[in-house]
Amino acid sequence: MRKELVVATKNAKKLTEIRQLLKGLNFKITSLADYPDAPRIIENGETFKENAVKKALTISRYTHKLTLGEDSGLCVDALGGKPGIYSSRFAGKHKSDLQNNRKLLAMLSPFKGLQRKAGYVCAVALADGKGFLKVFEGRCSGYIGHKFKGRYGFGYDPLFIIPRYQKTFAQLGPSVKHRISHRFRALKKARHALVTYLRKNP
Ligand code: ITT
């Protein structure tokens, strides 16, 4: 039987990306959708890494299974790193990606060109029933466009432009995003730890 890896997320689009990026590993990947009574995760860390560890620990303590916590977000230079760890609730609790993106565009309206530099950050933590194992981070830089472009991805992807392509992640789609994204970079490191874990815990 394949070992289970619980991804401690409620974000279906993030989960799809994680599943695609962990393809080929011999895990049955589940998520919080499979654990509707799991405890609420208190995301009160001050960094992406702290929040990723909180997600992994809270859920692994409940499921007693190997768990992956992922915390990610967009950091915009001109906004002093905002929205950062508050990326999913930038426009307020329960607001949509569209509302978050509109708020970002409004706040960046005085800024031009290189002043619109930004980076995505992704932290991935692993924990099992016995406790915390490891945490990894990946980053990806770009800048914020003036208009929504493209239909792939989620979150801030329609505004996040990759300089090398002069296109947004939402235009480039998964074939490019999954080769250079913050999530790809963090999961590439986590993949090694997962392979080792499988070897030691068959
Ligand atoms: P979980 O906590 O349940 O995993 P969440 O969406 O609240 O779901 P985060 O707290 O990690 O997750 O916030 C991530 C937000 O950062 C996400 O909702 C987007 O707004 C933004 N974000 C992160 N990665 C992104 C990506 O690859 N493309 C676009 N936006 C991204």
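Presented here is a report on the structure given in the accompanying data block. For clarity, every value in this text was computed on a predicted model and none was experimentally measured. (Residues numbered from 1 in each chain as written. Predicted model: local features only at pLDDT ≥ 70, side-chain atom pairs only at ≥ 80, totals over all residues. Heavy atoms only, no water.)

Thoughts on the pattern of salt bridges
Condition: Counted as salt bridges are all cases of a side-chain nitrogen of Lys or Arg within 4 Å of a carboxyl oxygen of Asp or Glu. To qualify as a helix, a DSSP run of H or I must reach at least 4 residues; to qualify as a strand, a run of E must reach at least 2; elements of each kind are numbered from the N terminus. In this scheme, a residue with accessible area under 20% of its type's maximum is buried, one over 50% is exposed, and one in between is partly exposed, where area comes from a 1.4 Å probe on protein chains only.
For the structure shown, the criterion picks out nine salt bridges. Note that Lys177 is salt-bridged to Glu17, the shortest N-O span being 2.7 Å. Placement of the pair is Lys177 in helix H5 (residues 174-180) and Glu17 in helix H1 (residues 12-21), with a sequence separation of 160 residues. Take Lys177 and Glu17: they sit in the same class, and that class is buried. One salt-bridge network, in which partners are shared between bridges, spans Lys14, Glu17, Glu70, Asp157, Lys177 and Arg183.

A closer look at the site of the ligand
What counts, and what does not: Any residue with a heavy atom lying within 4 Å of a molecule or strand is counted as near it. Polar contact is defined as a pair of N or O atoms within 3.5 Å, subject to the rule that within protein one atom must be able to donate a hydrogen and the other to accept it, and that residues adjacent in sequence are counted only when both atoms are side-chain atoms. Only the protein chains shown count as cover for residues, with accessible areas throughout obtained via the Shrake-Rupley method and a probe of 1.4 Å. Charged means Asp, Glu, Lys or Arg here, nonpolar means Ala, Val, Leu, Ile, Met, Phe, Trp, Tyr, Cys or Pro, and polar covers whatever is left, Gly included.
Near the ligand, the surroundings consist of 20 residues, among which Thr9, Lys14, Lys55, Asp157 and Lys177 are the closest. Interatomic distance of 2.9 Å between a side-chain N/O atom of Arg183 and a nitrogen atom of the ligand. Protein contacts shield 92% of the accessible area of the ligand, which totals 610 Å² for the unbound molecule. Looking at the shell around the ligand, the elements with two or more residues in it are strand E3 (66-76) and helix H6 (182-200). Within the shell around the ligand, the residues separate by chemical class into three nonpolar, eight polar and nine charged.

Quick word on the nonpolar core
Across soluble globular proteins, nonpolar side chains show a tendency to be buried alongside one another. As a reminder, the rule being used: Each nonpolar core is a collection of buried residues, namely Ala, Val, Leu, Ile, Met, Phe, Trp, Tyr and Cys, held together in the definition by side-chain atoms within 4.5 Å. Throughout, a residue-residue contact means that at least one pair of heavy atoms, one from each residue, lies within 4.5 Å.
Counting 21 residues, the largest nonpolar core has Leu5, Leu22, Leu68, Leu187 and Leu194 as its most contacted members. Counting residues per element, this core draws most heavily on H6, at six residues. Beyond its immediate sequence surroundings of up to four residues, Leu187 is in contact with Ile18, Leu21, Leu22, Leu68 and Val124. Judged by nonpolar contacts, the second largest core, of 19 residues, contains Leu105, Ala118, Tyr120 and Tyr156.

Quick word on helix H2 (residues 48-63)
What counts here: What a helix should span is 1.5 Å times the count of its residues minus one.
Counted at 1.5 Å a residue, the expected span for H2 with its 16 residues is 22 Å, and the 23 Å between its end C-alpha atoms agrees. Taken together, the buried positions of H2 are Phe48, Asn51, Ala52, Val53, Lys55, Ala56, Leu57, Ile59, Ser60 and Thr63. Residues of H2 that are buried in the fold lie against strand E1 (3-7), H1, E3, strand E4 (117-128) and strand E5 (131-144).

Topic: the packing of aromatic side chains
Spelled out, the test is: Working definition: rings of Phe, Tyr and Trp (its six-membered ring) pair if their centres are within 6.5 Å, and the pair is stacked with planes under 30 degrees apart, edge-to-face with planes over 60 apart, and tilted otherwise.
Taken as a whole, this structure holds three aromatic pairs when the rule is applied. For the pair Tyr120 and Phe160, a centre-to-centre distance of 4.2 Å together with 35° between the ring planes defines the contact as tilted. Of this pair, Tyr120 sits in strand E4 while Phe160 sits in strand E6 (residues 160-162), and the two are 40 residues apart along the sequence. For the pair Tyr120 and Phe160, one class covers both residues: buried. Here a set of aromatic residues connected by ring pairs shows up, and it is made of Tyr120, Phe160 and Phe169.

Regarding the environment of Arg89
Within the fold, Arg89 resides in the loop between E3 and helix H3 (97-108). Considering only alpha carbons, one finds Arg89 and Gln99, ten residues apart in sequence, at a separation of 9.5 Å. With near-sequence residues (within four places) excluded, Arg89 lies in contact with Glu43 and Asn100.

A closer look at H3
Which entries qualify depends on this criterion: Note that the arc is computed from the directions linking the helix axis to the C-beta atoms.
Over its twelve residues, H3 extends 16 Å from the first C-alpha to the last, a length consistent with the 16 Å expected when each residue adds 1.5 Å. Along H3, the residues classified as buried are Asn100, Asn101, Leu104, Leu105 and Leu108. Projected down its long axis, H3 carries its buried residues within an arc of 135°, all on one side. Of the exposed residues in H3, the ones pointing more than 90 degrees away from its buried face are Arg102 and Ala106. Against E3 and E5 lie the buried residues of H3.

Quick notes on the sheet that holds E1
We count it as follows: Strand pairing requires that DSSP identify at least two bridges connecting the strands. Axis lines are fitted through C-alpha atoms, for helices just across the contact stretch, and the angle between N-to-C directions can take any value from 0 to 180 degrees.
Taken together, the seven strands give an open sheet; going across it, the order is E2-E1-E3-E4-E5-E6-E7, and neighbouring strands pair in mixed fashion. Whereas interior strands pair on both sides, the edge strands pair on one side only; in this sheet they are strand E2 (27-31) and strand E7 (167-168). Bridge count between E6 and E7: two bridges; the pairing is antiparallel. Bridging across to E7, Ile161 finds its partner in Thr168. With respect to the sheet, H1 is in contact with E1, E2 and E3, its orientation differing from that of E3 by roughly 115°. Contacts from H2 reach E1, E3, E4 and E5 within the one sheet, and its direction differs from that of E3 by about 155°.

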